[in-house]
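Spelled out, the chains give:
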Amino acid sequence: MASPVPSVLDMSTQAFPTLTEAQISRVRAVGKVRQVTPGEILFRPGDTSVPFFVLLSGALEIVQPDVSGERQIVKHGPGHFTGEMTMISGQRCLVLGRVTEAGDVIELSGEGLRSLITRDAELSEIFMRAFILRRVELIKHGYGAAILLGSRYSAKTLELREFLTRNGHPYTYVDLDLDRTSQSLLDRFEVQRDEVPVVICPSHGVLRNPTIQKLAENLGFNNRVDETQVRDLIIVGAGPSGLAAAVYGASEGLDVLVIETGYPGGQAGSSSKIENYLGFPVGVSGQELATRALTQAEKFGANMMIACNVVRLDCARRPFKVVLDNGKALSARTIVIATGAQYNKPPIPNLKKFEGQGVYYGATYMEGQLCEAEDAVVVGGGNSAGQAAVFLSQTASKVHMLVRSGQLSDTMSRYLIQRIEQNPAIDLHYKTEITDMDGGNHLERVTWRDANAQTTVRDIRHVFIMAGASPRTDWLRGCVALDDKGFILTGPDVDTAPEPVERSAAGPPQMLETSLPGVFAVGDVRSGNVKRVASAVGEGSIAISLVHRALAQL
Ligand SMILES: Cc1cc2nc3c(=O)[nH]c(=O)nc-3n(C[C@H](O)[C@H](O)[C@H](O)COP(=O)(O)OP(=O)(O)OC[C@H]3O[C@@H](n4cnc5c(N)ncnc54)[C@H](O)[C@@H]3O)c2cc1C
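Here goes a summary of the coordinates provided. (Residues numbered from 1 in each chain as written. Predicted model: local features only at pLDDT ≥ 70, side-chain atom pairs only at ≥ 80, totals over all residues. Heavy atoms only, no water.)

Description of the environment of F131
If you trace the backbone, F131 turns up in helix α4 (residues 121–140). Through-space distance from the C-alpha of F131 to that of F16 is 9.1 Å; in sequence the pair is 115 residues apart. Apart from the residues within four sequence positions on either side, F131 is in contact with F52, F81, T82, G83, E84, M85, M87, I88 and L113. (Helix = DSSP H or I, 4+ residues; strand = E, 2+ residues; numbered from the N terminus. Contact = heavy atoms within 4.5 Å.)

As structure tokens, this is what we get:
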């Protein structure tokens, strides 16, 4: 087999391997061989249902069309194969593939490829590794079909960047506050300043100040989802517990759909580094963990719906119906609720006004960059506040950690307490609370009051609120029993419900089963949960064996 054609990307053999004759023959057995001619376009950005190609002879270039022409990404030769993560997720294609030398290719549908991956362990490893590494390269070089024009001072820009980044979607970001040439780009697309942020997708035009739902729709995030299908299982929420349920459910042959209101990863996705999750001795960022889990779930065939909020469970009849905020309803025989918890917002004046413009609820790499060489405040005394303070102290000049009580939380890990106390860049302020926030479009000043009722005013532009979380269960009232704080009761705890619960003829609920047979709750949303990634993942995995049992009884 010929050696690979050089590439403009990092041409590591793992990202762009050359298949052996034996491996090619296994693809040939399930695909069809056809001739291709120079200039022929095999796929373009925005295409759906893109086939997978293995080159037997000839050459193919992969390019990224952008507003100023084309950027070449890679050249494929004999033994090479096309594709990256969109082959697995079924989302719209990001790049253009053009034949540069006549030859033969094996063509295989996306469905055929996914089926081959589940059957052939060796090819699965080669393809999955290459797709993941290629996606990483696309992100690293900003080779996405989408260009986001925004401002570092705009909350909406941060929201869109966070959405694209946390969904692992490559894009080019142009900061209009820093890039003086960008005005010509705005003029070219007839965009007014007040329509910023703007997302330019070469194949879908210009989105002005889009919602994340609109952006997801235009980028084809939910393309593969058949909304009419009655599924074995719908999982609501793609935090660690929901993703674990998706991996186990899909790998064990269930027909699984995961619905997520924002982006995969949940609370864990907003953690800069998780150090107590088994198997990661040097820690793993929440986002990396979420991306890996999502890839794994999709590899086994789980379907994802992103940027879709579940607002109601129609539990009166079977199959259950999960109703979205756009009015659509999706059906399933069993449901796993994995909606976790949402950040508490302390009653601080102007908090809402500065959300995304100086007030943040997560401390990831992106927020870390925003407060480089500036002072920052972290509010809270628990694990997430501790992690955020340590992480931000690497870039911020000083981190003020404001703790309402007289000590750090009893549940904070010992290693974290030591790192905070010994860190010269972190100042701990006990019995201290923010009383005011002030500024123009962006937060500029913070006022706090300490135990001696002494007030301090500081010119600080970044505040991280890590004040615990409450369950997201309003949409379930009337369907499943909740405890007095709104967490979902499961198993024998259902008997402790503050309001009377209708007894099921099917007998007492199983562990993790709610008061409604066939509906399960896992992770932080469950009454009695322990607020850890590992326990959320454990519960999501265990729930699948109970789902099998429930399906067998239907
Ligand atoms: C900053 C931070 C750092 C942390 N660090 C650690 C750590 O180091 N180690 C550790 O063990 N734990 C840590 N935790 C705790 C850990 O992240 C949580 O215990 C874990 O994420 C819970 O997982 P979950 O899947 O149950 O819920 P979540 O992570 O809360 O995920 C729930 C998901 O459901 C979605 N959702 C909610 N409502 C709906 C709806 N109606 N429709 C559709 N989707 C919905 C949400 O958008 C979210 O993505 C940390 C938490 C935070 C906030």
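Points about the site of the ligand
The local shell around the ligand holds 34 residues, among which S241, E260, Q267, Q387 and D524 are the closest. The contact in question runs from an oxygen atom of the ligand to an N or O atom on the side chain of S241, over 2.7 Å. At 2.8 Å, a backbone N or O of D524 approaches an oxygen atom of the ligand. For the ligand, the protein covers 94% of the area, taking 1,000 Å² as the surface of the free molecule. Breaking the shell around the ligand down by element, the ones donating at least two residues are α8 (240–251), β13 (256–260), α11 (383–392) and α13 (533–552). Here the residues of the shell around the ligand sort into 14 nonpolar, 15 polar and five charged. (Near = heavy atom within 4 Å. Polar contact = N/O pair within 3.5 Å; in protein donor to acceptor, adjacent residues only side chain to side chain. Areas by Shrake-Rupley, 256 points an atom, 1.4 Å probe, with all protein chains shown as cover. Nonpolar A, V, L, I, M, F, W, Y, C, P; charged D, E, K, R; others polar.)

Regarding the packing of aromatic side chains
Tallied over the full model, the rule gives 11 aromatic pairs. Each ring, one from F43 and one from F53, has its centre 6.2 Å from the other, and the planes form 25°; the classification is stacked. With a gap of 10 residues between them, F43 in strand β2 (residues 41–43) and F53 in strand β3 (residues 52–55) connect regions that are remote in the sequence. Per residue, the accessibility class of F43 equals that of F53, and both read buried. Geometrically, the ring pair formed by Y360 and F464 is tilted, given 5.0 Å between the ring centres and 35° between the ring planes. Within this pair, whereas Y360 is found in strand β19 (residues 359–360), its partner F464 is found in strand β26 (residues 463–465), the two being separated by 104 residues in sequence. For the pair Y360 and F464, a shared accessibility class is recorded, and that class is buried. (Phe/Tyr/Trp six-rings, centres within 6.5 Å; stacked < 30°, edge-to-face > 60°. Buried < 20%, exposed > 50% of the residue type's maximum accessible area, 1.4 Å probe, protein only.)

Regarding the sheet that holds strand β21 (residues 398–403)
Taken in spatial order, the five strands line up as β19-β26-β20-β21-β22 in an open sheet, and their pairing is parallel. Strands at the two margins of the open sheet, each flanked by one partner only, are β19 and β22 (426–430). Summarising the sheet, strand β20 (residues 375–379) and β26 pair through three bridges and their orientation is parallel. Bridge pairing in β26 links V377 to V463. (Pairing = 2+ DSSP bridges.)

Considerations on the side chain of R166
By the secondary structure assignment, R166 is in helix α5 (residues 155–166). Overall, the relative accessible area of 7% leaves R166 in the buried class.

Topic: the environment of I544
Within the secondary structure layout, I544 lies in helix α13. Residue I544 is classed as buried on the basis of its relative accessible area of 0%. Each C-alpha atom of the pair I544 and E252 lies 8.6 Å from the other, and the pair is 292 residues apart in sequence. Those residues within four positions of I544 in sequence are excluded, and the remaining contacts are L233, A245, Y248, G249, E252 and L254.

So, the nonpolar core
Nonpolar side chains in soluble globular proteins generally cluster together in the buried interior. Ranked by size, the top nonpolar core spans 43 residues in total, and within it F163, V199, L215, L233, I235, V256 and V336 carry the most contacts. Here this core takes six residues from α13, the largest share from any one element. Excluding anything up to four places from it in sequence, V256 contacts R231, L233, I235, A246, G249, A250, A302 and N303. (Core = buried A, V, L, I, M, F, W, Y, C linked by side-chain atoms within 4.5 Å.)

Some points on the sheet that holds strand β1 (residues 32–36)
Strand order in the open sheet formed by three strands is β1-β7-β3, and the pairing between neighbours is antiparallel. The open sheet has two edge strands with one neighbour each: β1 and β3. Within the sheet, the average angular offset between the axes of one strand and its neighbour, ignoring direction, is 35°. Sheet topology places β1 next to strand β7 (residues 103–108); five bridges connect them, and they run antiparallel. Note that in β7 the partner of V33 across the bridge is I106. (Axes fitted to C-alpha atoms, helices over the stretch in contact; angles between N-to-C directions.)

Some details on the pattern of salt bridges
Applying the stated criterion to the full structure yields 26 salt bridges. Two residues, E84 and R135, come together in a salt bridge whose shortest N-O distance is 2.6 Å. Of this pair, E84 sits in the loop between β5 (69–76) and α2 (86–89) while R135 sits in helix α4, and the two are 51 residues apart along the sequence. A residue is classified by how much of its surface remains accessible, and R135, at 9% relative accessible area, is buried. Each of K32, R34, E40 and E107 takes part in a single network of salt bridges with overlapping partners. (Salt bridge = Lys/Arg side-chain N within 4 Å of Asp/Glu carboxyl O.)

In short, the description is geometric, and any link to function would need to be established separately.
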